[in-house]
Amino acid sequence: MPKLPRGRLDGPDGMSSFTAAEVLARAEALERQIRDPLNTDDPKWLQRWADRLRQLAAKKEKARKHKERH
C-alpha cells in the first residue's frame, strides 16, 4: 500500500500565514472534534495534529516576542 504524503504545517498553503491565536483556535477545533460523538476520524490522529498546531503556535508567539524585543 503506498504511503500517503504527510500534511504540511508550513509552506505555500500552510500555517505560516496565520497568527498564533488563529493556529491555537484551529487546535482547539480539532480537540472539540475529538469530543464530538458523531466524529468518525481517529481521535489519536486528531490529537497529534492538535499537539503539532499548539507547538507551532508556541513557536510563532516566541518569534513575535523576539521581534518585539529587537
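Quick look at the structure, then.

Conventions and cut-offs
Residues numbered from 1 in each chain as written. Predicted model: local features only at pLDDT ≥ 70, side-chain atom pairs only at ≥ 80, totals over all residues. Heavy atoms only, no water. Helix = DSSP H or I, 4+ residues; strand = E, 2+ residues; numbered from the N terminus. Areas by Shrake-Rupley, 256 points an atom, 1.4 Å probe, with all protein chains shown as cover. Salt bridge = Lys/Arg side-chain N within 4 Å of Asp/Glu carboxyl O. Expected span 1.5 Å × (residues − 1). Contact = heavy atoms within 4.5 Å. Core = buried A, V, L, I, M, F, W, Y, C linked by side-chain atoms within 4.5 Å. Buried < 20%, exposed > 50% of the residue type's maximum accessible area, 1.4 Å probe, protein only. Phe/Tyr/Trp six-rings, centres within 6.5 Å; stacked < 30°, edge-to-face > 60°. Lys NZ or Arg CZ within 6 Å of the ring centre and 35° of its normal.

### Section: the overall build of the protein
Then comes step 1: Within the protein, the secondary structure is distributed over 2 helices and 0 strands.
Then comes step 2: Of the roughly 5900 Å² that the protein leaves accessible, carbon and sulfur atoms contribute 56%.

### Digging into the pattern of salt bridges
Then comes step 1: All chains considered together, the criterion is met by 3 salt bridges.
Then comes step 2: Here glutamate 31 ties to arginine 54 by a salt bridge, and the two come within 2.8 Å at their closest N and O atoms. Of the two residues, glutamate 31 sits in helix H1 (residues 20-35) while arginine 54 sits in helix H2 (residues 43-69), which places them 23 residues apart along the sequence.
Then comes step 3: Across the salt bridge formed by glutamate 68 and arginine 64, the nearest N and O atoms sit 2.4 Å from each other. Of this pair, glutamate 68 and arginine 64 both sit in helix H2, 4 residues apart, which is roughly one turn of the helix.
Then comes step 4: Three or more residues joined by partner-sharing salt bridges are found here, namely Glu61, Arg64 and Glu68.

### Structural notes on H1
Then comes step 1: Counted at 1.5 Å a residue, the expected span for H1 with its 16 residues is 22 Å, and the 23 Å between its end C-alpha atoms agrees.
Then comes step 2: Considering only its buried residues, H1 is in contact with H2.

### Considerations on the nonpolar core
Then comes step 1: One finds Ala20, Val23, Ala27, Leu30, Leu46, Trp49, Ala50, Leu53, Leu56 and Ala57 forming the largest nonpolar core, which totals 10 residues.
Then comes step 2: Counting residues per element, the ones that place at least two in this core are H1 and H2.
Then comes step 3: The dominant element in this core, judged by the number of residues it contributes, is H2, at 6 residues.
Then comes step 4: If we ignore the near neighbours within four places in the chain, the residues touching alanine 27 are Ala50, Leu53 and Arg54.

### A short note on the side chain of glutamate 31
Then comes step 1: Judged by relative accessible area, glutamate 31 falls into the buried class, the value being 16%.
Then comes step 2: Not counting residues within four places of it along the chain, the set of residues in contact with glutamate 31 comprises Gln47, Ala50 and Arg54.

### A few points about the packing of aromatic side chains
Then comes step 1: For the structure shown, the criterion picks out 1 aromatic pair.
Then comes step 2: Residues tryptophan 45 and tryptophan 49 carry aromatic rings whose centres are separated by 6.0 Å and whose planes lie at 55° to one another, so their mutual orientation is tilted. Of this pair, tryptophan 45 and tryptophan 49 both sit in helix H2, 4 residues apart, roughly one helical turn.
Then comes step 3: Taking relative accessible area as the criterion, tryptophan 49 reaches 14% and is therefore assigned buried.
Then comes step 4: Here the basic side chain of arginine 26 rests over the ring of phenylalanine 18, its NZ or CZ set 4.3 Å away from the ring centre.

Purely geometric numbers; function is a separate question.
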